[in-house]
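Close look at the chain arrangement
So you can see what is in the structure, the chains are spelled out below.
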Amino acid sequence: MAKAAATVHGRRTPCQQCPLRSLPHFREFERDELNFISGFKKGELLVDAGATIFLEGAHSAHLFTILSGWGFRYKTLEDGRRQILNYVMPGDLIGLQGSIMGEMQHSTEALSPISLCVFERTELMTLYNSHASLAYDLTWIASREERILDEHLLSIGRRSAMERAAYLIAYLHQRASTLRLFNGSKVIPITQQHVADTLGLSVVHTNKTLKKLAARGLLLWQERGCEVLDGKGLAELAGWDGFDSGKRPFI
């Protein structure tokens with residue numbers, strides 16, 4: 001049974017003191033944008049690792065920006081087989097799909113403890129009507145997600161098993177490095193089951209593939225996750241150029 005998230009009452013990080021704003025990866029807000037977002041934000045939610053944030057087919061009154069932590073989006077078949085669609089990290093907006101389409105078309109689960117900024121979906125039109133720059137940011141965020149899914153589809157459809165695994169780890173490594181999520185060792189908090197469910201491979205095939213990458217000195221699999229030893233080497237093996245270094249928006 002999925003674990004539910006729990007609200008942490010009285011905890012709120014002022015938007016003016018948001019730790020994400022200090023990262024050079026994100027663009028700065030104009031003063032009126034920051035004031036609007038500060039009023040748009042209704043609180044914060046703390047989610048335990050393994051808890052469900054959104055459930056496929058559910059209606060939610062909220063959308064969230066991830067303030068800290070790791071998670072993933074996925075879909076399941078009736079027999080329980082799971083396809084992980086993408087991974088979410090600080091600055092990512094989740095729940096927009098449910099706000100536009102009425103219900104979620106996928107589920108979202110926390111990989112680690114996650115802190116979320118909470119927004120009311122009913123106030124989304126105010127953002128579109130009053131702040132064209134923020135509306136553009138939402139469009140940019142949706143377009144970036146489409147670009148990432150294009151790359152994931154290319155990986156599943158055309159890359160070899162080793163190239164798929166190398167791409168996935170390189171992708172997660174670059175994103176996490178940009179967001180300064182690593183503290184000391186560069187460990188990504190995923191299991192081999194997560195990798196298998198992302199790449200469309202069996203766990204046995206995934207294990208053999210990851211061992212080949214480890215033998216090349218590109219990564220080291222640990223009980224608590226995957227430690228990246230050579231992110232550049234992984235990207236080169238996958239034939240992936242990585243993301244551009246420009247600033248990106250967040251809400």
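Residues numbered from 1 in each chain as written. Predicted model: local features only at pLDDT ≥ 70, side-chain atom pairs only at ≥ 80, totals over all residues. Heavy atoms only, no water.

- Looking at an unreviewed UniProt entry, one finds the chain named CRP-like cAMP-binding protein, with Rhizobium miluonense as its source organism.

**Concerning unusual backbone geometry**
- Unusually for a residue other than glycine, arginine 180 sits at a positive phi of about 60°.
- Among the structural elements, arginine 180 can be located in the loop between helix 5 (161-178) and strand 11 (187-188). (Helix = DSSP H or I, 4+ residues; strand = E, 2+ residues; numbered from the N terminus.)

**Topic: the packing of helix 4 (residues 132-158) against helix 5**
- At their nearest, the axes of helix 4 and helix 5 sit 9 Å apart, and the two run at 155° to each other. On the basis of their axis angle, the class for helix 4 and helix 5 is roughly antiparallel. Considering only the axes of helix 4 and helix 5, their crossing is right-handed. Where helix 4 abuts helix 5, its residues Arg144, Ile148, Glu151, His152, Ser155 and Ile156 lie against Arg164, Tyr167, Tyr171 and Arg175. (Axes fitted to C-alpha atoms, helices over the stretch in contact; angles between N-to-C directions. Parallel < 35°, antiparallel > 145°, perpendicular 65-115°, else oblique. Left-handed = near helix turned anticlockwise from the far one by under 90°. Contact = heavy atoms within 4.5 Å.)

**What about the sheet that holds strand 11?**
- Taken in spatial order, the 3 strands make up an open sheet running 11-13-12, and their pairing is antiparallel. Where the open sheet ends on each side, the last strands, each with one partner, are strand 11 and strand 12 (219-222).
- Bridging between strand 12 and strand 13 (residues 225-228) involves 4 bridges; their strand directions are antiparallel. When the sheet's bridge partners are listed, glutamine 222 is paired in strand 13 with glycine 225. (Pairing = 2+ DSSP bridges.)

**What about the UniProt feature "domain: HTH crp-type" (unreviewed entry) in the chain?**
- Taking the UniProt record as the reference, the feature "domain: HTH crp-type" (unreviewed entry) is found at residues 159-232.
- A distance of 17 Å separates the end C-alpha atoms of residues 159-232, which is 55% helix and 14% strand. (UniProt positions renumbered as here; feature names shortened; annotations may be inferred.)

**Focus on the pairing of strand 10 (residues 114-120)**
- Of all 7 residues in strand 10, 6 are buried; the element is thus mostly enclosed.
- Pairing of strand 3 (residues 41-47) with strand 10, which is carried by 6 bridges, proceeds in the antiparallel orientation. The residue of strand 10 that forms the bridge with glycine 43 is valine 118.
- As paired elements, strand 5 (residues 62-68) and strand 10 share 6 bridges and run antiparallel to each other. Opposite threonine 65, over in strand 10, you have cysteine 117 as the bridge partner. (Buried < 20%, exposed > 50% of the residue type's maximum accessible area, 1.4 Å probe, protein only.)

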